Amino acid sequence: SALAPHPFAGVLLACPGMWCALKRGRLLSWPLVCALGAPIWLRDAGWWMMNTERGGVVSWYLAFWRSRLFSWTWRGLAIGIARRCRLARYCAWCRSDRLLCGGGTDHVGEGGAKGRWYCRPCWRHYQSLKKCAKCEKWATRGALAAAPAAGVAAEGAPAAAAALEVWLCWFCLAA
């Protein structure tokens with residue numbers, strides 16, 4: 001009885017979920033999920049509650065949600081202010097708002113459009129991409145390889161002084 005709260009408290013805690021389920025047209029599915037899942041969840045994930053008093057369990061949950069809410073709120077507020085001051089932008093690769101320090105812009109956008117901005121980790125990955133000379137795909141893993149001479153030398157003419165080196169991806173190197 002220490003783990004199971006009063007039924008009214010359970011309904012009160014379930015109100016936000018019930019509201020979301022009502023908006024999505026799935027109001028009658030959550031009682032079935034809770035009825036089937038609650039015994040398993042209480043047994044597997046709730047074992048630590050057995051030796052903890054009710055006040056300890058409640059204080060743990062309050063601290064957990066307070067830290068989550070605090071971090072979400074302040075991070076969102078900080079990024080919003082940074083965007084207004086033009087200190088943060090939307091990263092085209094990871095699709096999140098990031099601070100401008102250390103990022104970069106792709107100067108050649110698709111179809112001649114203005115380039116997209118990338119945050120520092122995504123920019124490092126973007127700069128490491130190279131186009132394979134054989135299959136013309138973009139890849140990060142590969143090596144330089146000798147390419148055959150473009151023209152065929154006539155008899156008696158000296159061969160090309162040095163072969164050209166082209167970058168090939170690992171798939172084309174293995175082939």
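Residues numbered from 1 in each chain as written. Predicted model: local features only at pLDDT ≥ 70, side-chain atom pairs only at ≥ 80, totals over all residues. Heavy atoms only, no water.

**Looking at the overall build of the protein**
Let me state the cut-off plainly: Put simply, DSSP H or I for four residues or longer makes a helix, DSSP E for two residues or longer makes a strand, and each gets a number counted from the N terminus. Here, residues are in contact when the closest pair of their heavy atoms is within 4.5 Å. Using a 1.4 Å probe, accessible areas were evaluated by the Shrake-Rupley method; residue-level cover was limited to the displayed protein chains.
A tally of regular secondary structure across the protein gives 5 helices and 8 strands. Walking the protein from its N terminus toward its C terminus, one meets helices and strands in the order α-α-α-β-β-β-β-α-β-β-β-β-α. Relative to all contacts within the protein whose residues are 6 or more apart in sequence, the contacts with residues 24 or more apart total 35%. Surface summary for the protein: the accessible area is close to 14400 Å², and the carbon and sulfur share equals 65%.

**A closer look at the layout of surface pockets**
Rolling a probe over the atoms, with the probe sized like a water molecule, indicates the empty space that remains. Heads up, the condition is: Here a cavity denotes a set of grid points, spaced 1 Å apart and computed over the protein atoms alone, in which a 1.4 Å probe fits but from which it cannot get out, and a pocket denotes an open set meeting protein on both sides within 12 Å along at least five of seven lines; residues with an atom within 4 Å of a point are reported as lining. Grid points are joined across faces, edges and corners, and a volume is the space filled by probe spheres set on the points. Residue polarity follows a fixed list, in which Ala, Val, Leu, Ile, Met, Phe, Trp, Tyr, Cys and Pro are nonpolar, Asp, Glu, Lys and Arg are charged, and the others, Gly among them, are polar.
There is about 150 Å³ of room inside the second largest pocket. Lining the second largest pocket we find Trp93, Tyr126, Leu129 and Trp138. For the lining of the second largest pocket, the per-class residue count stands at 4 nonpolar, no polar and no charged.

**Focus on helix 1 (residues 7–24)**
As a reminder, the rule being used: Take the residue count of a helix, subtract one, and multiply by 1.5 Å to get its expected span. Across the chain, bend at a residue is computed as the angle between axes fitted to the seven residues ending at that point and the seven starting from it.
Taking 1.5 Å of rise per residue, 18 residues should cover 26 Å, and helix 1 covers 24 Å from first to last C-alpha, within 8% of that figure. Within helix 1, the axis deviates most sharply at cysteine 15, by approximately 50 degrees, and proline proline 16 lies no more than four positions further along. In the segment just after helix 1, glycine 25 is the residue with positive phi, at about 80 degrees.

**Description of the nonpolar core**
The test is simple: Residues enter a nonpolar core if they are buried and are Ala, Val, Leu, Ile, Met, Phe, Trp, Tyr or Cys, with the set joined through side-chain atoms within 4.5 Å. The rule is simple: take the accessible area with a 1.4 Å probe, protein chains only, and divide by the maximum for that residue type; under 20% is buried, over 50% is exposed, in between is partly exposed.
Core analysis: the biggest nonpolar cluster contains 7 residues, these being Cys132, Ala139, Ala145, Trp167, Leu168, Cys169 and Cys172. Looking at this core, the element that brings in the most residues is strand 8 (residues 165–169), giving 3 residues. Within the second largest apolar cluster, 6 residues are counted, among which are Cys91, Trp117, Tyr118 and Cys119.

**What to know about the packing of aromatic side chains**
Filter applied, for reference: What counts as a ring pair is set by centres within 6.5 Å for rings of Phe, Tyr and Trp (its six-membered ring), and what kind of pair is set by the plane angle: stacked under 30 degrees, edge-to-face over 60, tilted for all other angles. Charges are assigned to positions over rings by a cutoff of 6 Å between ring centre and Lys NZ or Arg CZ, combined with an angular limit of 35 degrees from the ring normal.
Scanning all chains against the criterion turns up 5 aromatic pairs. When the centroid spacing of 4.9 Å and the interplanar angle of 85 degrees are considered together, the rings of tryptophan 60 and tyrosine 61 count as edge-to-face. By relative accessible area, tyrosine 61 is classed as partly exposed at 35%. Ring geometry for tryptophan 60 and phenylalanine 64: centres 5.5 Å apart, planes at 5 degrees, overall stacked. With tryptophan 60 and phenylalanine 64 both in helix 3 (residues 54–84) and 4 residues apart, the pair spans about one turn of that helix. You can call tryptophan 60 partly exposed: its relative accessible area is 42%. Classification of phenylalanine 64 by relative accessible area gives partly exposed; the value is 26%. Note that arginine 141 overlies the ring of tryptophan 170, its terminal NZ or CZ placed 4.1 Å from the centroid.

On their own, these measurements won't tell you what the molecule is for.
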